[in-house]
Amino acid sequence: MEKMVNIFLFGKKYEVPENLTIMTAMEYAGYQLVRGCGCRNGFCGACATIYRIAGDRELKACLACQTTVQDNMYIVTLPFFPLVKQVYDMDKISVNESVMMQLYPEIYACVGCNACTKSCTQGLNVMQYIAYAQRGDFEKCAEESFDCVMCGVCSSRCPAGISHPQVGMLARRINGKYLAPGCGHLEDRVKEIKNGDFNELIEALMQKPVEEIKELYNTREIEK
Amino acid sequence: MYSEKYQASLAAVEAARAKNIAMEPQRMTAQQKEELLATYHPDYKTNEFSVLQIGPNKGDKVPHELAEMLQAHSRISADSVDLSAPDYETDVLVIGGGGAGTSAAIEAHRAGAKVMIVTKLRMGDANTMMAEGGIQAADKPNDSPAIHFVDAFGGGHFAAKRELLAKLVCDAPEAIQWLSELGVEFDKEADGTMVTTHGGGTSRKRMHAAKDYSGAEIMRTLRDEVLNLQIPVVDFTAAIELILDENGQAAGAVLMNMETKELLVAKAKTVIIATGGAGRMHYQGFPTSNHYGATADGLVLGYRAGAKLLYAETLQYHPTGAAHPEQIFGALVTEKVRSLGAKLVNKNGEVFMHPLETRDVTAASIIRECSTRENGIETGNGTAVWLDTPMIEAIGGEGTIEKRIPAMMRMFEKYGIDIRKEPILVYPTLHYQNGGLDITVDGMTTNVKNLFVAGEAVGGIHGKNRLMGNSLLDIIVFGRNAGIHAAQTAKTATVGKLSLDHVAAFEKEIAAAGIQTEAVSPKLLPNYARKADK
Ligand SMILES: Cc1cc2nc3c(=O)[nH]c(=O)nc-3n(C[C@H](O)[C@H](O)[C@H](O)COP(=O)(O)OP(=O)(O)OC[C@H]3O[C@@H](n4cnc5c(N)ncnc54)[C@H](O)[C@@H]3O)c2cc1C
Ligand code: SF4
Ligand code: SF4
Ligand code: FES
């Protein structure tokens, strides 16, 4: 017999097996999910959830697809949070801290309460990546925010109304496009292809009898 | 931490580790591979397939679960939808907000077309978001599009449509450049050289990655760009039927709000199906690595409108799905774990194959180890083999796992397993739909005009099996391509009177063939809600 625990979905009590995630426990309870369920594996941030274990002072946040149920867990899902996403043209933005001032000025109103970091479902140092963004250190902001799944939990706890995941997103795009070193071999290859350098080789492969390609494939040299 | 019942086997794995690291396992010969596949690969189990009785692929075999959806009733009756006053009118209608759909939308927009995206869940709730390992492109000096072609053609059992594959490999470097210019962060050396690794079946190290969030990094950047371009996105809205015009050309779709069930009509000059894969169909009862909405909808939509399928009988079972613990059963353990040096080991601590054979061969080999050879480890959910992750740290140095595959480390850490110190248990999981709708090189279906397809819903780019890293590549290359051509075609397309006659005709075919079915399709979502009576 599987061991059962009591959980409270939006306040209502259900008895569910102890080895389920919050998401599969909801399904076990009979919910057919539409909202709050995307990848089912910790990548998309659709399943942000807030819970409290009865008796605990602390309110916790998690991803429902990534978190095992516990006895006396009070659960509310947060399938949507009104984040602010500014619209910008990546080709025209300025690549210094003025861009943050322009697009997400509220980050300068951070009071340093650390609620964002404490609530992050990915365990990221959110307050720190916001601090990097304030300073225009986009490379560090990108690095620190890289694992963000944009679930919005941090923003739901922020007294300054900051949309942290969007700030991280902007920093990563700036870093990827402008700050990361360019790639010579990539540029060369694109030119060679445009120049038609491989046309003959490819054309030959288009015509080759399957048996000959099989031979090529089965005897190809494999880089160590 | 593993419970008592795993300890004896774990000890065997640990004892053999040093020897196993040093050993270079033999690769299989072409003949060995063929025999292995024919005996153990799920695609070869004839009793798991049905013959289609109606539609453009009548007479072909597909998995039972797909046959049921392809030959099911429509969710609407053709005369119950008012087509005279469309809720949306656009040049290009993109169905599906994953990587292929968003790439297509961005390019169609840039080409000057009016575009909109409809998507079943949220934009980015998609298989693209989940890809960990990386994206292939032959951009290193020791590599070339021709070598990439041979790898992919062989990996796909020499069945790819060559003109599609040639486009895939030749446009690959440009696709990487396009993503970089959008701001996607690839792993690079200090001088800008791309960090590239092998994937199963590659002969050159051409796998580009963004840590082990490659797909997420691509997807969130594309999503951000769609929002920047202010392309309208209608989320939680599924396409449930294509609309044709009186001349049989694609001209829109009937949409359904997933929450309110309200029906809506979108009229368009061209339509792009970018609905992705089918893992949630759970073919042959396999668990899956796919997102919640991967239910082969695009194949059903296209099929009912008369579009042909290619290789719909071939699925990819990823060799390494998580087999333990229960909470992550079926979830993907990225191939990169093996690229970085971890080997597959049976319950006796023996390495039983080369870890970087193609996926189908590796999956079949694991199934053999767990079935007739009886060398699997019992997990309670079936049997499994070890993937010896601590080898990675021994080979690449301490910290390699945290640096290169942090998402993997985190996934197991939650359940008390430190993959730097302990191996993990794996078994094949349903991962990728190799087949799909048949297209020409400009992305249009071969037999329904103005209907384009991109991404995992396409069949034929890879043949009958796909190499890791070639799918993220195809959604960008063929997503962009479909967007460009759909926009171009829309410029001159004239749309006649809208019609759902094909839906009515399909119902008649079902009846005429004597198919008895209660099923309706597309499936839209799997039903995991436990029945009250269970
Ligand atoms: C766990 C995992 C790891 C992977 N790793 C790699 C890798 O390392 N390298 C690689 O190359 N490939 C990888 N793949 C494969 C690759 O990610 C996918 O094949 C690819 O991203 C598919 O992109 P797509 O745009 O076609 O489909 P998706 O990204 O799945 O997007 C399809 C979208 O359409 C929506 N949709 C579906 N039906 C409807 C409907 N009826 N109406 C409206 N919208 C609908 C879906 O909800 C979804 O948003 C991986 C896949 C998975 C699942
Ligand atoms: S930083 Fe915020 S949005 Fe990102 S994962 Fe953490 S809580 Fe979620
Ligand atoms: S929650 Fe808001 S105010 Fe508090 S530290 Fe985080 S960003 Fe600053
Ligand atoms: S469903 Fe995607 S993170 Fe949980």
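Quick notes on the rules
Residue numbers restart at each chain and count upward from 1, following the sequence in its written direction. Each chain is given a letter, starting from A, and each ligand a number, starting from 1, according to the order in which they appear as written. Since the coordinates come from a predicted model, pLDDT governs what is reported: local features require at least 70, and pairs of side-chain atoms require 80 or more to be given and counted, while whole-chain, interface and lining totals use all residues. Excluding hydrogens and water, the side-chain values take into account all heavy atoms of the structure. Starting at the N terminus, helices and strands are each numbered in turn, a helix being any DSSP run of H or I of at least four residues and a strand any DSSP run of E of at least two. The buried label goes to any residue with under 20% of its type's maximum accessible area, the exposed label to any with over 50%, and the partly exposed label to all in between, with areas taken from a 1.4 Å probe on protein chains only. Neither His nor the chain ends is counted toward charge; the positive residues are Lys and Arg and the negative residues Asp and Glu. A carboxyl oxygen of Asp or Glu within 4 Å of a side-chain nitrogen of Lys or Arg is what we treat as a salt bridge. Throughout, a residue-residue contact means that at least one pair of heavy atoms, one from each residue, lies within 4.5 Å. Put simply, a residue is near a molecule or strand once any heavy atom of it comes within 4 Å of that molecule or strand. By the convention adopted, Pro, Cys, Tyr, Trp, Phe, Met, Ile, Leu, Val and Ala count as nonpolar, Lys, Arg, Asp and Glu as charged, and the other residues, Gly among them, as polar. Looking down the strands as they point away from you, a crossover is right-handed if its path from the first strand over the helix to the second goes clockwise. As annotated, the domain borders come from an automatic or database domain assignment. Within 3.5 Å is the distance limit for a polar contact, defined as a pair of N or O atoms, with the added protein rule that one can donate a hydrogen and the other accept it, and that residues adjacent in sequence qualify only through two side-chain atoms. As used here, buried area is the combined drop in accessible area, with a 1.4 Å probe, of two parts when they are placed together. Axes here mean lines fitted to C-alpha atoms, for a helix over just the part in contact, with angles spanning 0 to 180 degrees between N-to-C directions. Orientation is classified from the angle alone, with under 35 degrees giving roughly parallel, over 145 giving roughly antiparallel, 65 to 115 giving roughly perpendicular, and any other angle giving oblique. Crossing handedness is defined as follows: a turn of the near helix away from the far one that is anticlockwise and smaller than a right angle gives a left-handed crossing, while the clockwise case is right-handed. Using the Shrake-Rupley algorithm and a 1.4 Å probe, accessible areas are obtained, with residue cover drawn only from the displayed protein chains. Should DSSP find at least two bridges between two strands, the strands are regarded as paired.

Peer 1: Could you give an account of the side chain of Glu-132 of chain B, naming the residues involved and the relevant values?
Peer 2: Relative to the helices and strands, Glu-132 of chain B is located in the loop between α5 (127–130) and β6 (135–136). Buried and without a salt bridge, Glu-132 of chain B has Lys-336 of chain B as its closest oppositely charged side chain, separated by 8.7 Å. Contacts of Glu-132 of chain B, omitting those with residues within four sequence positions, involve Phe-43 of chain A together with Lys-211, Asp-212, Tyr-213, Ser-214, Leu-332, Thr-334 and Met-408 of chain B.

Peer 1: Run through the site of ligand 3, naming residues and quoting values.
Peer 2: Looking at ligand 3, the residues that line it are Cys-110, Val-111, Gly-112, Cys-113, Asn-114, Ala-115, Cys-116, Met-127, Cys-158, Pro-159, Ile-162 and His-164 of chain A. Of the residues that constitute the shell around ligand 3, the class distribution is 9 nonpolar, 3 polar and no charged.

Peer 1: Help me get a handle on the pairing of strand β5 (residues 115–118) of chain B, residues and values and all.
Peer 2: A regular strand places its side chains on the two faces of the sheet in alternate fashion. Residues of β5 of chain B alternate between two faces, with Val-115 and Ile-117 of chain B on one and Met-116 and Val-118 of chain B on the opposite face, all of them buried. Where the polypeptide runs from strand β4 (residues 88–95) of chain B across helix α4 (residues 99–110) of chain B and back to β5 of chain B, its parallel neighbour, the crossover connection is right-handed.

Peer 1: Before we move on, could you go through unusual backbone geometry and cite the residues and values that matter?
Peer 2: Only a minority of non-glycine residues have a phi that is not negative, and only a minority of peptide bonds are not trans. In this chain, His-324 of chain B is followed by Pro-325 of chain B through a cis amide linkage whose omega measures -5 degrees. By the secondary structure assignment, Pro-325 of chain B is in the loop between β14 (315–322) and α11 (336–339). For Asn-72 of chain A, which is not glycine, the phi torsion reads 60 degrees and is therefore positive. By secondary structure assignment, the location of Asn-72 of chain A is in the loop between β4 (60–63) and β5 (73–77). Look at Glu-374 of chain B: it is not a glycine, yet its phi comes out positive at around 55 degrees. Structurally, Glu-374 of chain B can be placed in the loop between α12 (359–370) and β16 (377–378).

Peer 1: Go over the domain arrangement of chain A with me, naming the residues and quoting the values.
Peer 2: The accessible area lost on association of the parts is a frequent measure of interface size. Residues and elements named next belong to chain A. Looking at the assigned domains, one finds that chain A contains domain 1 (4–77) and domain 2 (81–207). The interface formed by domain 1 and domain 2 includes 0 salt bridges. Our count for the contact surface shared by domain 1 and domain 2 stands at 0 residue pairs in polar contact (both at pLDDT 80 or more). The leading source of residues in the side of domain 1 that touches domain 2 is β4, at 3 residues.

Peer 1: Let's hear about the interface of chain A and chain B: which residues, and what values?
Peer 2: Contacts between the two partners involve 71 residues from chain A, matched on the other side by 90 residues from chain B. At the boundary of chain A with chain B, total buried surface from both sides reaches about 7,000 Å², with 55% on carbon and sulfur atoms. For the chain A face of the interface with chain B, the top three residues by lost area are Phe-43, Phe-146 and Glu-223 of chain A, together amounting to 11%. Linking chain A with chain B are 8 salt bridges. Residue Asp-147 of chain A pairs with Arg-410 of chain B through a salt bridge whose shortest N-O separation is 3.1 Å.

Peer 1: So what about the environment of Ile-476 of chain B? Which residues, and what values?
Peer 2: Residues and elements named next belong to chain B. Within the element layout of this structure, Ile-476 appears in helix α16 (residues 470–492). For the pair Ile-476 and Ile-135, spaced 341 residues apart in sequence, the C-alpha to C-alpha distance is 10.0 Å. Setting aside chain neighbours within four positions, we find Ile-476 in contact with Ser-103, Ile-135, Ala-175, Trp-178, Leu-179, Ile-218 and Leu-222.

Peer 1: Kindly report on the packing of helix α6 (residues 145–155) of chain B against helix α7 (residues 162–170) of chain B, identifying the contributing residues and their values.
Peer 2: Residues and elements named next belong to chain B. Packing of α6 against α7 leaves a shortest axis separation of 9 Å and a crossing angle of 130 degrees. Taken together, α6 and α7 sit at an angle that is classed as oblique. The crossing of α6 and α7 is right-handed. Here α6 contributes Pro-145, His-148, Phe-149, Ala-152 and Phe-153 to the contact with α7, which in turn contributes Arg-162, Leu-165, Ala-166, Val-169 and Cys-170. Residues of the contact of α6 with α7, tallied by class, amount to 8 nonpolar, 1 polar and 1 charged.

Peer 1: I'd like to hear about the site of ligand 1, residue by residue, with values.
Peer 2: Residues and elements named next belong to chain B. Surveying the vicinity of ligand 1 reveals 40 residues, the closest of which are Thr-128, Gly-134, Glu-456, Ser-471 and Leu-472. A distance of 2.9 Å separates an oxygen atom of ligand 1 from a polar backbone atom of Gly-133. At 2.9 Å, a side-chain N or O of Asp-297 approaches a nitrogen atom of ligand 1. For ligand 1, whose accessible area on its own is 1,000 Å², the fraction buried by protein is 100%. At the level of elements, α4, α5, β10 (237–245), β18 (424–433) and α16 are the ones that each hand at least two residues to the shell around ligand 1. Here the shell around ligand 1 gets 4 residues from one element, more than from any other, and that element is α16.

Peer 1: Tell me about the sheet that holds β4 of chain A, and name the residues and values.
Peer 2: Residues and elements named next belong to chain A. The mixed open sheet is built from 5 strands, whose spatial order is β2-β1-β5-β3-β4. Either end of the sheet is taken by a strand with one partner, and the two such strands are β2 (12–17) and β4. Neighbour-to-neighbour, the strand axes of the sheet open up by a mean angle of 35 degrees, direction not taken into account. Here 3 bridges tie strand β1 (residues 4–9) to β5, and the two strands are oriented parallel to one another. Each bridged residue has a counterpart across the sheet, and for Ile-7 the counterpart in β5 is Met-73. Across the sheet, helix α1 (residues 22–29) touches β1, β2, β3 (48–53), β4 and β5, and the angle it forms with β2 is around 105 degrees.

Peer 1: Would you mind going over the pattern of salt bridges in detail, with residue names and values included?
Peer 2: Inspection of every chain in the model, using the stated rule, returns 34 salt bridges over all chains. In this structure, Arg-220 of chain A and Asp-151 of chain B form a salt bridge, with 2.6 Å as the shortest nitrogen-oxygen distance. Remark: Asp-151 of chain B occurs in helix α6 and Arg-220 of chain A occurs in the segment after α10 (210–218); the pair is interchain, linking two chains. By relative accessible area, which is 0% here, Asp-151 of chain B ends up buried.

Peer 1: I'd like to hear about the packing of helix α4 (residues 126–134) of chain A against helix α5 (residues 138–145) of chain A, residue by residue, with values.
Peer 2: Residues and elements named next belong to chain A. Direction vectors running N to C along α4 and α5 enclose 160 degrees, while the axes themselves pass 8 Å from each other. Viewed along their axes, α4 and α5 adopt a mutual orientation that is roughly antiparallel. Once α4 is placed against α5, the crossing between them reads as left-handed. Only Phe-138, Lys-140, Cys-141, Glu-144 and Ser-145 of α5 make contact with α4, whose side of the interface consists of Gln-128, Tyr-129, Tyr-132 and Ala-133. Tallied by class, residues from the contact of α4 with α5 come to 5 nonpolar, 2 polar and 2 charged.

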